[in-house]
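One letter stands for each residue in the lines below.
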Amino acid sequence: MISREEINKVVSKYDKKKLTIATICSHSALQIFHGAKMEGFRTLGICTPDRRELYESYPLASPDSLLEVENYKEVLEPEFQEKLLKQNVIMVPHGSFVEYVGASNIHEKFSVPMFGNRESLGWESSRKKVREWIKKSSVKVPREFRHPSEIETVCIVKFSGAKGGRGFFLTSSEKDYEKKMKMKLDEGVITKTESENATIQEFINGVRYYPHYFYSPLMKGRDGNGRIEMLSIDRRMESNVEEIYRVMAAGTLQELNINPSYVVTGNAPITIRESLLPEVLNIGKRVRESSVSLFGGIVGPYCVEMVCTPELELYAFEISARIVAGTNLYPLGSFLSAYMFKEPMSTGRRIGREINIGIKEKKLDLLIY
Ligand code: AMP
């Protein structure tokens, strides 16, 4: 395991005037580069050959240099890491980085300094741990059923890993569960191990909100040191469930034998009733507070995925403990960040800004691991 001390040692040797912000070219990379450039940093992208064109096409968001790899796991090779360390790289982790490289690989083999607390990545990658985290934060969670025979309401069946909803299905009885699970296995959508470890969770019917928080240990908040900022909110667009009503002119979903699918394909902006914002902010605070005792505390961006019911109750079903792709909607800030910063402030830029404050106050060790 790469220790905090080890990373601190590396950072202490970095030339702070020549730091490079780097990430893998996917997920929220354009936003991260754009924001880092606005904050005056050199930027470096790690990309596969097929992505080069896109990442060279946006002058204000293209990284200053690109390092090509065939497979993102190459970032774990010692020679590759050496190249990053030579350029004083601070890596910004995002969902694709965690998915392609693996949370445990990052923890055990990646000795390049990263923005935030890398411990959080191990937590967000495990549904069991996320549930423990949400419960500890006194936030409502959907009920879970250990065995299909216990199903007594509409449930969503989920599989492990950050797969963007692939294979998930809805069910309301044991019989239907067995039928659909067999279908998923036969189609090769999921493996046997995945089916054995499936999560059967109560489906909360309502509107989904994905608020984007940022915890700064360097800013003073209302309760003393450290500030939770709620920078923006999005809603994920998942195919085909998002527009499934369009086929319903032809019959019911059952008649048509169409199952909703929850694969993430994009994001849409959304806002929530102002009267609900205090609770949304409070949830962000409680999630940060409980993270301190669980793994030393989340630092930087995170998101609590929630559903708002007709009774205006908020249920959380997932936490992303790093920048989420929904923040890509707001490269110049959002309807919330505009009330906090005079200048356009995306989450990507906010990361760069925090690093700049850390350099100035000689407190980078609080931001990097
Ligand atoms: P997840 O992998 O947990 O983020 O779930 C992927 C998608 O499935 C979410 O973005 C939601 O659209 C949907 N979803 C997951 N859990 C629930 C739930 N308990 N109730 C309603 N929708 C859910």
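For the structure itself, look to the data block above.
Fair warning: this is a prediction, and the values are worked out from it, not measured in the lab. (Residues numbered from 1 in each chain as written. Predicted model: local features only at pLDDT ≥ 70, side-chain atom pairs only at ≥ 80, totals over all residues. Heavy atoms only, no water.)

Asks: Could you clarify how one ought to interpret the sheet that holds strand β1 (residues 20–24) in this entry?
Replies: Within a sheet, neighbouring strands are paired by backbone hydrogen bonds and run either parallel or antiparallel to one another. Strand order in this open sheet of four strands is β3-β2-β1-β4, and the pairing throughout is parallel. Each edge of the open sheet is held by one strand with a lone partner, namely β3 (65–68) and β4 (89–91). The sheet shows a mean angle of 30 degrees between the axes of neighbouring strands, direction not considered. Packing of helix α2 (residues 29–38) onto the sheet brings it into contact with β1 and β2 (42–47), and relative to β1 it is tilted by some 175 degrees. (Pairing = 2+ DSSP bridges. Helix = DSSP H or I, 4+ residues; strand = E, 2+ residues; numbered from the N terminus. Axes fitted to C-alpha atoms, helices over the stretch in contact; angles between N-to-C directions. Contact = heavy atoms within 4.5 Å.)

Asks: It is not clear to me how the pattern of salt bridges should be interpreted in this structure. Could you clarify?
Replies: Counted according to the given criterion, the structure contains 26 salt bridges. Across the pair R349 and E39 runs a salt bridge, and its minimum N-O distance is 2.8 Å. Here R349 is found in helix α13 (residues 347–360), whereas its partner E39 is found in the loop between α2 and β2, with 310 residues between them in sequence. Comparing R349 with E39, the two get one shared label, buried. The residue E243 makes a salt bridge to R246 at a minimum N-O spacing of 3.3 Å. The class for E243 is partly exposed, based on a relative accessible area of 40%. Judged by its relative accessible area of 59%, R246 is exposed. (Salt bridge = Lys/Arg side-chain N within 4 Å of Asp/Glu carboxyl O. Buried < 20%, exposed > 50% of the residue type's maximum accessible area, 1.4 Å probe, protein only.)

Asks: I tried to follow the site of the ligand on my own but got confused; where do I start?
Replies: Inspection of the region around the ligand gives 17 residues, with K158, I204, Y210, E238 and E305 positioned closest. One of the side-chain N or O atoms of Q201 is found 2.9 Å from a nitrogen atom in the ligand. Here I204 contributes a backbone N or O atom positioned 2.9 Å from a nitrogen atom of the ligand. Protein chains bury 95% of the 470 Å² of accessible surface belonging to the ligand in isolation. Among the secondary structure elements, those contributing two or more residues to the shell around the ligand are β6 (155–158), β8 (199–202), β9 (207–221), β10 (224–240) and β13 (314–320). Grouping the constituent residues of the shell around the ligand by class yields eight nonpolar, one polar and eight charged. Domain assignment of the residues forming the shell around the ligand places at least three in each of domain 2 (127–140 + 205–236 + 263–366) and domain 3 (144–202). (Near = heavy atom within 4 Å. Polar contact = N/O pair within 3.5 Å; in protein donor to acceptor, adjacent residues only side chain to side chain. Areas by Shrake-Rupley, 256 points an atom, 1.4 Å probe, with all protein chains shown as cover. Nonpolar A, V, L, I, M, F, W, Y, C, P; charged D, E, K, R; others polar. Domains from an automatic or database assignment.)

Asks: Explanation requested: the packing of aromatic side chains in the structure shown.
Replies: Within a pair of aromatic rings, the relevant descriptors are the distance that separates the centres and the angle that separates the planes. Under the criterion given, the structure shown has twelve aromatic pairs. Their ring planes at 65 degrees and their centres at 5.7 Å tell us that F97 and F110 sit as a pair that is edge-to-face. Taken as a pair, F97 in helix α5 (residues 95–101) and F110 in the loop between α6 (103–109) and α7 (119–124) lie far apart in primary sequence, 13 residues in all. Each member of the pair, F97 together with F110, is buried. Cation over ring: K129 sits above W123, and NZ or CZ is 5.1 Å from the ring centre. Between R288 and the ring centre of Y215, over which it is positioned, the NZ or CZ distance is 3.6 Å. (Phe/Tyr/Trp six-rings, centres within 6.5 Å; stacked < 30°, edge-to-face > 60°. Lys NZ or Arg CZ within 6 Å of the ring centre and 35° of its normal.)

Remember that the coordinates give geometry; whether it matters functionally is a separate question.
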